[in-house]
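Chains, contacts and geometry: an overview
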Amino acid sequence: MMKFLFLFFPFLLFAQSKITTTAIDKMLEKSNALLIEGQTDEMVTLNLSILEDAKHINYAEGKLSAYYNLALAFSMQYRYNKSNYFLKMMEPEFKNSDAEDQEISMNILYSINYRGIKMYDEALKKLKKNLVMANSLKNDSTRCAIKGLILVQMGRNYLEKKQYDSVTYYGKRIVGELKKSKKMDAGMNSSLKAAMLLLTEAKLNEHKIDSAEFYIRSAQSVPVNWGNNDFLTFKLLGQIHDVRKQYDLAIADYEKAIKLAAKAKNFRKLSELYGLIARSYEKTGQLDNENKYELKYNSLSDSLKRIDEENLKDTVGLLVEEKQKPLEHKTNLLLYVMLMGIVTAVIVIFFVHARMKKKDRVLNIREKETQELNQKLNFAFEEVIQLAKNNDPHFLARFQEVYPEFIPKLLKIEPELQSTELKFCALLFLNFSTKDIATYTFVQPQSVQTRKNRLRKRLGIPSDDDIYLWMKKMYTQ
């Protein structure tokens, strides 16, 4: 019997399934299906297996996709340290792959992890860099889908920062980008739906309920299936019904959202939904249900706070490491420059005249660069001024790009400033007079003066201080 098994063993080996790139790609398709259903634990198990197979046959695209899927699954579980670990594992694989969009996808996920611990500015830096990279993508549909995804994430960060004008700007920009495509695919439709939901949230926060309802209906009409991840649609519908005092409809929407969020294991949104449905039950006088969901909200919120504290330490460590990379490079470069300087010092004795000419040329180049920089700054200033005069909705977003420290400094003084108040402060910073502000914003001069007086109280500006000079001084300090 043993002899028979020994003779048959080669045939058993031959019968085992062979690892191929096609087989790995099919497994990756299965991983995408698990993603739609929110089955992140199953995603992790499957992609660890995919990673092992891809390493076995040295399939670079397979390794990249598996690393990314693992990072995405852990990010969805708020385990940002594990997510960042697998993102870092992706980086060495890019040299072996032709997947032009994978590096951008990696950086987008890095930005999502940063946003998860409220490091919005770092997230936006990653995204703005990626937006430039995305323009170089050769495939039209891939470029449109990726740019849409980047813009959605930028809008999400501005939503968290409560800068709703910027959210509206990026939401509409996504729609504009997608209109350039001749044919919409699943990826572009997904970006379009995300943009509509983003605009819905912005309008809800601005208490523009009719606009919010318009955008949520537009989102529902987009032909794309998010499966269990479609809880956001029902959450926003619930909030709209709640504002309209249609509490029974709101509760029904929240229950649908809770069911989907639980299946998708999105515990952060689940916690938020518990709080929302508890408030709706309170308004209908159903105290037992209110207490039930209030307890769930408090329990889950406490768990998430502990997770956030752990993630903050790990992700900040990653950020410090990223910041140190260029510093290490600069240190090595400095040592090299010093060594070269010693050698050059010996040679320069014999070439003083040539060196002086070279110095003159460098000074001329620097002077020219300074002039070009000033021209760019002047152009940016004129562009911002013109947007203000046109009462353009993009004014505040463009102003923030030109003067990035102005709004954060104001919010440090008064975190509750609304976007309309921030826009008013920007106009004062740009030296628009009371008459100019009244003209360009279509209000009476008395109303402008009243807003100035209110702003003085909010920001603690003494009555004998010039409000225009105060804005300048606040920015430069």
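As the structure is a prediction and not an experimental result, all values here were calculated from the model. (Residues numbered from 1 in each chain as written. Predicted model: local features only at pLDDT ≥ 70, side-chain atom pairs only at ≥ 80, totals over all residues. Heavy atoms only, no water.)

1. Some thoughts on the side chain of Asn47
What counts, and what does not: Runs of H or I in DSSP of at least four residues are treated as helices and runs of E of at least two as strands, each being numbered from the N terminus. Between N or O atoms, a polar contact is any pair within 3.5 Å; within protein, one atom must be a potential hydrogen donor and the other a potential acceptor, and residues adjacent in sequence are included only when both atoms are from side chains. In what follows, residue pairs with any heavy atoms lying within 4.5 Å of each other are defined as contacts.
Within the secondary structure, Asn47 is located in helix H3 (residues 40-56). Polar side-chain contacts of Asn47 include one of 2.9 Å to the side chain of Ser31. For Asn47, the contacting residues outside a window of four places in its chain are Leu28, Ser31, Ser65, Ala66, Asn69 and Leu70.

2. A word on the confidence of the model for the protein
In plain terms, the rule: Per-residue confidence from the prediction method is given by pLDDT, with values spanning 0 to 100.
Confidence in the prediction of the protein, expressed as mean pLDDT, is 81, and 81% of residues score 70 or more. The low-confidence segment residues 1-16 (pLDDT under 50) makes zero contacts with residues lying over four places distant or belonging to another chain. Considering only residues more than four positions removed or in separate chains, one finds that residues 341-353, a stretch of pLDDT under 50, has one contact.

3. Focus on the nonpolar core
We apply this condition: Side-chain atoms within 4.5 Å link the members of a nonpolar core, which is a set of buried Ala, Val, Leu, Ile, Met, Phe, Trp, Tyr and Cys residues. Partly exposed residues are those whose accessible area sits between 20% and 50% of the maximum for their type, while under 20% is buried and over 50% is exposed, using a 1.4 Å probe and protein chains only.
The biggest cluster of nonpolar side chains holds 69 residues, and the ones touching the most others in it are Ile150 and Met154. Looking at this core element by element, the count peaks at ten residues for helix H10 (residues 186-205). Apart from the residues within four sequence positions on either side, Met154 is in contact with Leu124, Leu127, Lys128, Leu131 and Tyr170. Residues Phe395, Ala438, Leu459 and Tyr468 belong to the second largest nonpolar core, which totals 33 residues.

4. Considering H10
Quick note on the threshold: By this rule the span expected of a helix is its residue count minus one, scaled by 1.5 Å.
Its 20 residues give H10 an end-to-end C-alpha distance of 29 Å, which sits within 8% of 28 Å, the value for a rise of 1.5 Å per residue. Taking burial as the measure, the 20 residues of H10 include 16 buried ones, the bulk of the element. If you check the start of H10, you find a side-chain oxygen 3.2 Å away from the backbone N of Gly187, and it comes from Asp185.

5. Brief notes about helix H8 (residues 140-160)
Relative to the 30 Å expected for 21 residues at 1.5 Å per residue, H8 spans 30 Å between its end C-alpha atoms, a close match to the ideal helical length. Among the 21 residues of H8, 15 are classified as buried, and the element is accordingly described as predominantly covered. Just downstream of H8 lies Lys162, where phi reads positive at about 65°.

6. Focus on unusual backbone geometry
Phi is positive for Asn58, close to 55°, though the residue is something other than glycine. Summarising the element assignment, Asn58 is placed in the loop between H3 and helix H4 (60-76). Phi is positive for Lys265, close to 60°, though the residue is something other than glycine. Tracing the chain through its elements places Lys265 in the loop between helix H13 (247-264) and helix H14 (267-283).

7. Topic: the environment of Ala397
Relative to the elements of secondary structure, Ala397 occurs in helix H17 (residues 395-402). The buried category is assigned to Ala397, whose relative accessible area is 7%. When residues no more than four places from it in sequence are discounted, the contact partners of Ala397 are Ser166 and Tyr169.

8. Section: the packing of helix H18 (residues 406-413) against helix H22 (residues 467-476)
Definition in use: Fitted lines through C-alpha atoms serve as axes, helices being fitted only where they are in contact, and the angles separating the N-to-C directions of these axes extend from 0 to 180 degrees. In these notes the angle categories are as follows: under 35 degrees is roughly parallel, over 145 is roughly antiparallel, 65 to 115 is roughly perpendicular, and the rest is oblique. Throughout this entry, Asp, Glu, Lys and Arg are counted as charged residues, while Ala, Val, Leu, Ile, Met, Phe, Trp, Tyr, Cys and Pro are counted as nonpolar. The remaining residues, Gly among them, count as polar.
Remark: H18 packs on H22, axes separated minimally by 9 Å, with the N-to-C direction vectors making an angle of 100°. The orientation of H18 relative to H22 falls into the category roughly perpendicular. When H18 is examined against H22, the residues Phe406, Lys409, Leu410 and Ile413 are found in contact with a partner set consisting of Trp470, Met471, Met474, Tyr475 and Thr476. Looking at the contact of H18 with H22, its residues break down into seven nonpolar, one polar and one charged.

9. With respect to the packing of helix H7 (residues 120-134) against H8
The following threshold applies: Note on convention: the crossing is left-handed when the near helix lies turned anticlockwise from the far helix by less than a right angle, right-handed when the turn is clockwise.
It is at 10 Å that the axes of H7 and H8 come closest, and there the two elements cross at 160°. Regarding the angle of H7 to H8, the classification is roughly antiparallel. Between H7 and H8 the crossing geometry is left-handed. The residues of H8 that touch H7, namely those facing Tyr120, Ala123, Leu124, Leu127, Lys128, Asn130, Leu131 and Ala134, are Arg143, Ile146, Lys147, Ile150, Leu151, Gln153, Met154, Asn157, Tyr158 and Glu160. Across the contact of H7 with H8, the residue classes break down as eleven nonpolar, three polar and four charged.

10. Describing the packing of aromatic side chains
What counts is decided by this rule: Stacked, tilted and edge-to-face are the three classes assigned to paired rings of Phe, Tyr and Trp, where Trp is represented by its six-membered ring and a pair needs centres within 6.5 Å; plane angles under 30 degrees give stacked, over 60 edge-to-face, the rest tilted. In this scheme, the term charge over a ring applies when either NZ of a lysine or CZ of an arginine sits within 6 Å of the ring centre and within 35 degrees of the ring normal.
The final tally for this structure, using the stated rule, is 17 aromatic pairs. Judged by centre distance (5.9 Å) and plane angle (45°), the ring pair of Phe395 and Phe399 falls under tilted. With Phe395 and Phe399 both in helix H17 and four residues apart, this pair spans about one turn of that helix. By relative accessible area, which is 0% here, Phe399 ends up buried. Three or more aromatic residues joined by ring pairs form one cluster here, namely Phe395, Phe399, Tyr403, Phe406, Phe429 and Tyr475. Of note, Lys126 hangs over the ring of Tyr110, and the distance from its end group to the ring centre comes to 4.8 Å.

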